[in-house]
Number of protein chains: 2
Amino acid sequence: MARSEKEQVLAANAAFYAAFSTSNLAAMDALWSTSRDVAVFHPNWQGIKGRDAVMRSWATILNGNEVTDIRPVGARVILSGKMAMVICEEDLVAVRMIATNIFMDEGGTWRMVHHQATRLPEVVPDPTESKGRKGQRSSGT
Amino acid sequence: MARSEKEQVLAANAAFYAAFSTSNLAAMDALWSTSRDVAVFHPNWQGIKGRDAVMRSWATILNGNEVTDIRPVGARVILSGKMAMVICEEDLVAVRMIATNIFMDEGGTWRMVHHQATRLPEVVPDPTESKGRKGQRSSGT
């Protein structure tokens, strides 16, 4: 059975995180629109606009050793026409981010036009709950 | 002459920042979709989903005294069908944020379904440039 548009968008979103996790710059490049004004807002970077600058930022990030594994959690899709928004949490090893990903249907393929990720604050454990949770919290802020 | 769809979206985006700047909770409420699954990702908050929780977050923020003036700068729109994305910088008095705002056309009115804002890092001044710029930088990180 043919996949629904929503399933196709979720597959594109999963492919984005797979390229990210495996530091696959060629796969990342193929995911991004070549016909639209693209942008990316990485945490702790200035906003980046234009395909060349966006791809340079991915080269810097994927060639670094900052990320080993990043998985989308709780992805939610809104679709209309040839545009789709996905919001999800990003689970890294010791950090949680939250992201907005925008895709456009380009000739039957959903391609990314925008990604914004923000680091989430640590969840403060409830002091009335059992001890030992503090050790599970990520370090740093 | 009738406004283009893009102009209507930019007007909705400007109305969002006007409601924010004037701490007008009723105007903020009217801007948000009542028929879609809405979400908001404020800086240093957990991700918030669902209209009731989104509006409670705005009540907290607008009833606080954190923000006096917030202006969108360099807004860029991508539109398709009944969905529109606006990306822009947000100039506050001493801080710059960057935001992704998603609107849906609901019966001829563009209503917000999602907002994500991230604080931008300070721009490090070029030490080869003239002195005195340091005093213009915002404090804190």
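This text follows the structure it describes.
Reading the values: rules and limits
- Residues take numbers from 1 onward in each chain, read along the sequence in its written order.
- Chains and ligands are labelled sequentially in the order written, the chains with letters from A and the ligands with numbers from 1.
- Local features in this predicted model are restricted to residues whose pLDDT is 70 or higher, and side-chain atom pairs enter the listing and the counts only when it is 80 or higher, whereas totals over whole chains, interfaces and linings include all residues.
- To obtain the side-chain values, all non-hydrogen atoms of the structure were included, while hydrogens and water were left out.
- One bridge is not enough; two strands pair if DSSP finds at least two bridges between them.
- Secondary structure counts use DSSP, requiring at least four H or I residues in a row for a helix and at least two E residues in a row for a strand, with both numbered from the N terminus.
- Residue contacts are counted whenever heavy atoms from the two residues lie within 4.5 Å of one another.
- Axes, fitted as lines to C-alpha atoms, cover a helix only where it is in contact. Angles between the N-to-C directions of the axes lie from 0 to 180 degrees.
- Residues grouped as a nonpolar core are buried Ala, Val, Leu, Ile, Met, Phe, Trp, Tyr and Cys residues, joined through side-chain atoms within 4.5 Å.
- Exposure categories follow from relative accessible area, calculated using a 1.4 Å probe and restricted to protein chains: below 20% of the type maximum is buried, above 50% is exposed, and the middle band is partly exposed.
- An angle below 35 degrees is treated as roughly parallel, one above 145 as roughly antiparallel, one from 65 to 115 as roughly perpendicular, and anything else as oblique.
- Charged means Asp, Glu, Lys or Arg here, nonpolar means Ala, Val, Leu, Ile, Met, Phe, Trp, Tyr, Cys or Pro, and polar covers whatever is left, Gly included.
- Put simply, a salt bridge is a Lys or Arg side-chain nitrogen that is within 4 Å of an Asp or Glu carboxyl oxygen.
- Our superposition of the copies is a least-squares fit, built on the C-alpha atoms of residues whose pLDDT is at least 70 in both.

A.B. asks: For this particular structure, what's the right way to read the sheet that holds strand β1 (residues 39-41) of chain A?
C.D. replies: Backbone-to-backbone hydrogen bonds pair the strands of a sheet. The strands run either parallel or antiparallel. All names here are of chain A. Across the sheet, 6 strands lie side by side as β2-β1-β6-β5-β4-β3; this open sheet has mixed pairing. Across the chains shown, the open sheet's two edge strands, defined by having one partner strand only, are β2 (48-49) and β3 (71-80). Where β3 lies against strand β4 (residues 83-91), 8 bridges are found, and the strand directions are antiparallel. Residue pairing across strands places Val 73 opposite Glu 89, the latter belonging to β4. The sheet strands contacting helix α1 (residues 5-21) are β3, β4, β5 (96-106) and β6 (109-119), and the helix crosses β3 at an angle near 140°.

A.B. asks: So what exactly am I meant to see when it comes to the nonpolar core here?
C.D. replies: The tendency in soluble globular proteins is for nonpolar side chains to be buried as a group. Trp32(A), Trp58(A), Trp32(B) and Trp58(B) are the most contacted members of the largest nonpolar core, which has 79 residues in total. Those residues in contact with Trp32(A) that sit more than four places away from it in its chain are Val38(A), Ala39(A), Val40(A), Arg51(A), Val54(A), Met55(A), Trp58(A), Arg111(A), Met112(A), Val113(A), His114(A) and His115(A).

A.B. asks: Could you clarify how one ought to interpret the packing of α1(A) against helix α3 (residues 51-63) of chain A in this entry?
C.D. replies: When two helices pack together, their arrangement is given by the angle between the helix axes and by the axis-to-axis distance. All names here are of chain A. Two numbers describe how α1 lies on α3: the axes approach to 9 Å, and their chain directions differ by 55°. Taken together, the axes of α1 and α3 lie oblique to each other. In contact with Phe 16, Ala 19 and Phe 20 of α1, α3 contributes Trp 58, Ile 61 and Leu 62. Per-class residue counts for the contact of α1 with α3 are 6 nonpolar, no polar and no charged.

A.B. asks: How should I be thinking about the pairing of strand β4 (residues 83-91) of chain B in this particular structure?
C.D. replies: If a strand is regular, its side chains alternate between the two faces of the sheet. Residue and element names in this part refer to chain B. Counting buried residues in β4 gives 7 out of 9 residues, a clear majority hidden from the surface. Connecting strand β3 (residues 71-80) to the next strand, β4, in antiparallel fashion are 2 residues, including Gly 81 with a positive phi near 55°. Relative to strand β5 (residues 96-106), β4 runs antiparallel, the two being bridged by 9 bridges. Within β5, the position partnered with Met 85 by the bridge is Ile 102. Counting the residues in the hairpin turn of β4 and β5 gives 4 residues.

A.B. asks: Whenever I open this one, the pattern of salt bridges confuses me. Can you help?
C.D. replies: Opposite charge on two side chains permits them to pair, given that their charged atoms come into close proximity. Residue and element names in this part refer to chain A. For the coordinates displayed, the defined rule picks out 8 salt bridges over all chains. Here Arg 96 ties to Glu 89 by a salt bridge, and the two come within 3.1 Å at their closest N and O atoms. Residue Glu 89 is classed as partly exposed on the basis of its relative accessible area, which comes to 23%. Two residues, Glu 106 and Arg 111, come together in a salt bridge whose shortest N-O distance is 3.9 Å. Taking relative accessible area as the criterion, Glu 106 reaches 14% and is therefore assigned buried.

A.B. asks: I'm lost on the relation of the copies chain A and chain B in this one. Help?
C.D. replies: Relating the two copies of this chain is a rotation about some axis coupled with a shift parallel to it. For these two chains of identical sequence, chain A goes onto chain B by a turn of 180° and a shift of 0.0 Å along the axis, with RMSD 0.0 Å. Taken together, the rotation and translation describe the operation of a two-fold axis. For chain A, the minimum C-alpha distance to the rotation axis belongs to Gly81(A) and amounts to 2.1 Å. Both copies share a contact surface, since 100% of the interface residues of chain A are interface residues in chain B too.

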